[in-house]
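Report on the structure
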Amino acid sequence: MAFLAVHSDDELTPDAAEAAQRFLAAHPGPLSNLDRVLLGSSSVFSAYTSWFELRDELIPFLGERASPCSASRSATAPPRRIRPRSSGASWS
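Residues numbered from 1 in each chain as written. Predicted model: local features only at pLDDT ≥ 70, side-chain atom pairs only at ≥ 80, totals over all residues. Heavy atoms only, no water.

1. A closer look at the nonpolar core
Counting residues in hydrophobic clusters, the biggest one holds 10 residues: L12, A16, A19, A20, F23, L31, L38, L39, F45 and F52. At the level of secondary structure, the elements contributing two or more residues to this core comprise α1 (14–26) and α3 (42–62). Looking at this core element by element, the count peaks at four residues for α1. With near-sequence residues (within four places) excluded, L31 lies in contact with A20, F23, L24, R36 and L39. (Core = buried A, V, L, I, M, F, W, Y, C linked by side-chain atoms within 4.5 Å. Buried < 20%, exposed > 50% of the residue type's maximum accessible area, 1.4 Å probe, protein only. Helix = DSSP H or I, 4+ residues; strand = E, 2+ residues; numbered from the N terminus. Contact = heavy atoms within 4.5 Å.)

2. What to know about the pattern of salt bridges
Applying the stated criterion across every chain yields a total of two salt bridges. Close ionic contact of D9 with R36 constitutes a salt bridge, the shortest N to O distance being 3.0 Å. Of this pair, D9 sits in the segment before α1 while R36 sits in helix α2 (residues 33–38); the two residues are 27 residues apart in sequence, bridging distant segments of the chain. Its relative accessible area of 18% is what places R36 among the buried residues. Across the salt bridge formed by E18 and R22, the nearest N and O atoms sit 3.2 Å from each other. Of this pair, E18 and R22 both sit in helix α1, four residues apart, roughly one helical turn. E18 gets classed as partly exposed once you look at its relative accessible area, which sits at 46%. (Salt bridge = Lys/Arg side-chain N within 4 Å of Asp/Glu carboxyl O.)

Treat this as a map of the structure, not an account of what it does.
Take a look at the structure:
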């Protein structure tokens, strides 16, 4: 039972086709069905695939096991208000 559109190469918008080509250049292999569904919106696909870049950057610092936990925490953390730095100010 399919309820999500799995887009073929011919059905992709120009933006989605470009996002797919960028992804395939960095990660050779066929696109999965999930990738093809997400390509319905190039911005959603780009946000999803940027997770892999973040994970690859975190692994050298946190290790293979801790990187998903840290990335999940940063993705679900409530936004913080950024306070401007002044001389002698302490962060609490």
